[in-house]
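Now for the letters of each chain:
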Amino acid sequence: MAKKDIQPKKTEDEDFNFIVRIANSDIDGQKRTVIGLQSIKGVGKRVAEIVAKRANIDPAVKIGSLSDEKVAELEQLVTKYVEYAPEWAINRQNDYESGSDMHLLGNDLDILQKDDINRMKMIRCYRGIRHETHHKVRGQRTRSNGRRGLTMGVSKKKA
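All figures in this text were calculated on a predicted structure; none of them were measured in a lab. (Residues numbered from 1 in each chain as written. Predicted model: local features only at pLDDT ≥ 70, side-chain atom pairs only at ≥ 80, totals over all residues. Heavy atoms only, no water.)

*Asks:* I tried to follow the overall build of the protein on my own but got confused; where do I start?
*Replies:* For the protein, the count of helices and strands is six helices and two strands. For the protein, the succession of helices and strands along the chain, N to C, is β-β-α-α-α-α-α-α. Burial status across the protein gives 27% buried among its 159 residues. The contacts in the protein between residues at least 6 apart in sequence include a share of 44% that link residues at least 24 apart. (Helix = DSSP H or I, 4+ residues; strand = E, 2+ residues; numbered from the N terminus. Buried < 20%, exposed > 50% of the residue type's maximum accessible area, 1.4 Å probe, protein only. Contact = heavy atoms within 4.5 Å.)

Written as structure tokens, this is what we have:
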């Protein structure tokens, strides 16, 4: 058998970016624009579609094939989302400390969520106590669901 000359398929052009950096998040350049934007924490499907439409970018085009100017425009639109989005479409309405509306991305979202939980624990509200004791917080059933550790019920007898 003769060996074939295997040449790698060239699917992308020379200026294709395999990793795109937007809002301190690394995005796979092989993904479509809307799917790639969703890999930023705090950006869901609806936000990604709104941002892509506002930037006049085809949602089906791969994000790695966009020019640097378009990527910079996307980053600017993602970070300034709160300015043009309706109030109900942002993830931090009426902030506890500042009273302003914000749309948080990345680590800021995690940090403020932990601060909120710690504040609820400190003021000893019902939700804070439930968080402390590792119980369900939002009114779910606890008798038959969400059990950890030793389970109740019938156990198999070892043979």
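*Asks:* Help me out: how do you make sense of the pairing of strand S1 (residues 19-22) in this one?
*Replies:* Successive residues of a regular strand alternate their side chains across the two faces of the sheet. Burial of S1 is one-sided: the residues Val-20 and Ile-22 facing one way are buried, the residues Ile-19 and Arg-21 facing the other way are not. Pairing between S1 and strand S2 (residues 25-28): four bridges, direction antiparallel. By the bridge assignment for S2, Ile-22 is matched with Ser-25. (Pairing = 2+ DSSP bridges.)

*Asks:* I tried to follow the pairing of S2 on my own but got confused; where do I start?
*Replies:* Burial along S2 is one-sided: Ser-25 and Ile-27 are buried, and none of Asp-26 and Asp-28, which face the opposite way, are. Joining the antiparallel neighbours S1 and S2 is a turn of two residues, in which Ala-23 adopts a positive phi near 50 degrees.

*Asks:* Help me out: how do you make sense of the environment of Thr-142 in this one?
*Replies:* Its location among the elements puts Thr-142 in the segment after helix H6 (126-132). Overall, Thr-142 belongs to the partly exposed group, its relative accessible area being 42%. When near neighbours in sequence (up to four residues on either side) are disregarded, Thr-142 contacts Arg-130 and Lys-136.

*Asks:* Where do I start with the packing of aromatic side chains in this structure?
*Replies:* How two aromatic rings sit relative to each other is set out by the distance from centre to centre and by the angle between their planes. Scanning the model with the defined rule gives two aromatic pairs in all. Look at Phe-16 and Phe-18: their rings are 4.9 Å apart centre to centre, the planes differ by 75 degrees, and that puts the pair in the edge-to-face class. Residue Phe-16 is classed as buried on the basis of its relative accessible area, which comes to 7%. Between the aromatic rings of Tyr-81 and Tyr-84, the centroid separation amounts to 5.5 Å while the plane-to-plane angle is 80 degrees, which identifies the pairing as edge-to-face. On the criterion of helical spacing, the pair formed by Tyr-81 and Tyr-84 is a turn pair, its members being three residues apart in helix H4 (residues 81-84). Here Tyr-81 falls in the buried class, since its relative accessible area comes to 1%. (Phe/Tyr/Trp six-rings, centres within 6.5 Å; stacked < 30°, edge-to-face > 60°.)

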